[in-house]
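If you want the building blocks of each chain, they are given just below.
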Amino acid sequence: MKIHEIETPSYVIDEKKLRENLEILHSVEERTGAKILLAQKCFSGFYEYPLISKYISGTTASGLYEARLGWEEMGKENHVFSPAYREKDMEEIAEICDHVIFNSKSQLKKYLPVLQAANTRAEAEGYNLFPENAWSDAEVWGNPEMRSDTEVAEKGPLQTDTEVAEKGPLQMNTEVNPGDKVRKRPHKVSAGIRINPECSTQGNHAIYDPCAPGSRMGVRACDFDGEILSMIEGIHFHTLCEQNADDLETTLQAVEEKFGPYLHQVKWLNMGGGHHITREDYDVEKLCALITHMKETYNLEIYLEPGEAVALNAGYLVTTVLDIVENDIKTLILDASAACHMPDVLEMPYQPPLMDARKVDEFLEDMKARIKKLVSTEDSSSDEAEDDTDSEIKYYRYRLSSNTCLAGDVIGDYVFDHEVKVGDRLYFRDMAIYSMVKNNTFNGIPLPSIAAMDENGDVRIVKEFGYEDFKGRLS
Ligand SMILES: Cc1ncc(COP(=O)(O)O)c(C=O)c1O
């Protein structure tokens, strides 16, 4: 099936673009030795985890459920950060996560014993949980001295030194497919603390600025002390949102200035997400230099946990025009909704790009440029080559909205170069990120199907949803 044949509404993941993004991220890992983790809060399309796991080091989570997803479906390094954990979740988190990052000294103190107990247990048992098919000679992961499953049953989990010398260390296959069972692996959980470097680089967007005054995110330098240091192995910060490496540089200067002495005394530094590494204008060179600087100055293992950069521009939301309502402006009623299927449009807010149409602002900019060009051509006496500035411009402006009851469920105003008709299909771009993970069935609006498009443009449906999915989360 091709994308124009799919039933709407549907999210379609673009595997070609996903792979291109992953290649860039992988190159950062290769060049710097840093480890990159998928922030599942942004993209949890676990159907693609086998692909993603070939390029980056693992997953990060916002709590138990995402942590379980990463552990079950990716099975590589699995980290978690939450502003506060629930008591009943902590044991399981300690079992399945490699790094647990706390937001406050009180949470760290409360749960450190749970992590320590998990480590003592793991040491006693010698192994812990890991996807069942994890052994092959494809890639090394984790403790290279582990035995295979049958050997574990026969002889215990670890190879002896002589076995390692004779046969070489066992290798691990990181490709974990949906539905794979889990097996055990050596596991040590490492505790970290989130810091707040009090360095805002995001202008006026306080809603997504964890360094805004009064922020609940992270421990400030004035509250950091030796007791915290004695309980942790690593430090985490997350301050960026869709930003370039220059803002990371500014942030790192603040981190070094305020937390430099502590950095010398921990093992790892996690620089959070918000790095728009796969955007065209992103300064990858600078990122690599910054990572290397931190790694070498403080002898640290460096982690990055981007979400957007993994699946940036790697998805579409395909929708159909159900009706057109005229009330001074022509509004297209779609079978997709901002409120239900792309809540960030209303929350951030932002206007998603649309294939074969321009946002009104972009259209106006383009018009201004054309007029400027036209005027300058008329002013000059030279015989300039003909261009399109004086060709007739056709444009059709529409407001794109949905079939929910919310008057403000408006995606934005767009300009097309052709008239749109009922039954036409529209393709929103950049719809893999913060879309599927945030959608809902407000008004009983169906959830879009999830599909994947391969490098040849062939589309296969991965998951469809129906009435039972709506009913199933209510009672
Ligand atoms: C702690 C943390 N890590 C990683 C991310 C991922 O950020 P992004 O998707 O912007 O790269 C976020 C996003 O809010 C976050 O809060």
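What counts as what
Residues numbered from 1 in each chain as written. Predicted model: local features only at pLDDT ≥ 70, side-chain atom pairs only at ≥ 80, totals over all residues. Helix = DSSP H or I, 4+ residues; strand = E, 2+ residues; numbered from the N terminus. Buried ≥ 20, exposed ≤ 12 C-beta atoms within 10 Å, placed from the backbone. Axes fitted to C-alpha atoms, helices over the stretch in contact; angles between N-to-C directions. Left-handed = near helix turned anticlockwise from the far one by under 90°. Contact = placed C-beta atoms within 7 Å. Nonpolar A, V, L, I, M, F, W, Y, C, P; charged D, E, K, R; others polar. Core = buried A, V, L, I, M, F, W, Y, C linked by C-beta atoms within 7 Å. Domains from an automatic or database assignment. Near = placed C-beta within 6 Å. Parallel < 35°, antiparallel > 145°, perpendicular 65-115°, else oblique. Pairing = 2+ DSSP bridges. Arc of directions from axis to C-beta. Expected span 1.5 Å × (residues − 1). pLDDT = per-residue confidence, 0-100.

**Details of the overall build of the protein**
And then number 1: Within the protein one finds 15 helices and 21 strands.
And then number 2: The buried share among the 475 residues of the protein stands at 39%.

**Quick look at the packing of helix 1 (residues 15-32) against helix 10 (residues 284-298)**
Packed helix pairs are specified by the crossing angle of their axes together with the interaxial distance, meaning the distance between the axes.
And then number 1: Contact geometry for helix 1 and helix 10: axes closest at 10 Å, N-to-C directions at 35°. In this structure, the crossing between helix 1 and helix 10 has a hand that is right-handed. Between helix 1, through I24, V28, R31 and T32, and helix 10, the contact on the second element is made entirely by V284, L287, C288, I291, T292 and K295.
And then number 2: Counted by class, the contact of helix 1 with helix 10 contains six nonpolar, two polar and two charged residues.

**Focus: the nonpolar core**
And then number 1: Residues V12 and V100 are the most contacted members of the largest nonpolar core, which totals 102 residues.
And then number 2: The residue makeup of this core includes at least three contributed by each of domain 1 (16-126 + 186-311) and domain 2 (315-431).
And then number 3: Ignoring anything within four residues of it in the chain, the contact list for V12 reads I3, I6, G315, Y316, V318, A451, M453 and V459.

**A look at the site of the ligand**
And then number 1: Taken together, 14 residues are adjacent to the ligand, and A39, C42, H238, G273 and G307 come closest.
And then number 2: In the shell around the ligand, the residues fall into six nonpolar, five polar and three charged.

**Considerations on the packing of helix 3 (residues 64-73) against helix 4 (residues 87-96)**
And then number 1: The contact between helix 3 and helix 4 brings their axes to 10 Å, and the two run at 25°. One way to sum up the angle between helix 3 and helix 4 is to call them roughly parallel. Where helix 3 crosses over helix 4, the two elements pack in a sense that is left-handed. Here L64, A67, R68 and W71 of helix 3 lie close against helix 4, whose contacting residues are D89, E92, I93 and I96.
And then number 2: Looking at side-chain class alone, the contact of helix 3 with helix 4 contains five nonpolar, no polar and three charged residues.

**Examining the pairing of strand 1 (residues 10-14)**
And then number 1: With respect to burial, strand 1 is a largely interior element, five of its five residues being buried.
And then number 2: Alternating positions in strand 1 separate into two faces, S10, V12 and D14 on one and Y11 and I13 on the other, with burial throughout.
And then number 3: As defined by bridge partners, strand 1 adjoins strand 20 (residues 449-453) across five bridges and the pair is classed as parallel. From the neighbouring strand, Y11 faces strand 20, where its bridge partner is I450.
And then number 4: Strand direction decides the pairing type here: strand 1 and strand 14 (residues 315-327), joined by four bridges, are antiparallel. Note that in strand 14 the partner of Y11 across the bridge is L317.

**Comments concerning helix 4**
And then number 1: Of all the residues in helix 4, the buried ones are I93, A94 and I96. For helix 4, the arc enclosing every buried residue in end-on projection is 165°, short of the 170-degree limit, so these residues lie on one face.

**Quick notes on helix 1**
And then number 1: Its 18 residues place the ends of helix 1 25 Å apart at the C-alpha level, agreeing with the 26 Å of an ideal helix rising 1.5 Å per residue.
And then number 2: Looking at the buried residues of helix 1, the elements they touch are strand 1, strand 2 (35-39), helix 2 (49-53), helix 10 and helix 11 (308-311).
And then number 3: Looking one or two residues beyond helix 1, the residue adopting positive phi is G33, at roughly 80°.

**Let's talk about unusual backbone geometry**
And then number 1: Put simply, T8 and P9 share a cis peptide bond, and its omega is -5°.
And then number 2: Along the chain, the position of P9 falls in the segment before strand 1.
And then number 3: Geometrically, the link from M348 to P349 is a cis peptide bond, its omega value of -15° lying close to zero.
And then number 4: Along the chain, P349 falls in the loop between helix 13 (344-347) and strand 16 (358-359).
And then number 5: Here the phi dihedral of D356 falls at roughly 65°; this positive angle occurs in a residue that is not glycine.
And then number 6: Considering the arrangement of structural elements, one finds D356 in the loop between helix 13 and strand 16.
And then number 7: Positioned with a positive phi, D430 is a non-glycine residue whose angle comes to about 55°.
And then number 8: Mapped onto the secondary structure, D430 falls in the loop between strand 19 (425-428) and strand 20.
And then number 9: The exposure class of D430 is buried, given the 21 C-beta atoms found within 10 Å.

**Notes on the pairing of strand 18 (residues 410-416)**
As a general feature of sheets, a regular strand has side chains that alternate between the two faces.
And then number 1: With two bridges joining them, strand 16 and strand 18 adopt antiparallel strand pairing. Counterpart to R358 in the pairing with strand 18 is V415.
And then number 2: Where strand 17 (residues 396-402) and strand 18 come together, six bridges link them in antiparallel fashion. When the sheet's bridge partners are listed, S401 is paired in strand 18 with V410.

**Structural notes on the confidence of the model for the protein**
And then number 1: Chain-level pLDDT for the protein is 89 on average; 84% of the residues reach the 70-or-more range.
And then number 2: Between residues 131-147, whose pLDDT stays under 50, and residues either more than four places distant or in other chains, the model counts 57 contacts.
And then number 3: Predicted confidence is poor over residues 170-174, with pLDDT under 50, and the contacts of this stretch with residues over four places away or in other chains come to 28 contacts.

**Quick look at the environment of H99**
And then number 1: Of note, H99 is situated in strand 5 (residues 99-102).
And then number 2: Between the C-alpha atoms of H99 and G234, which are 135 residues apart in sequence, the distance is 8.6 Å.
And then number 3: Setting aside chain neighbours within four positions, we find H99 in contact with H79, S190, G192 and G234.

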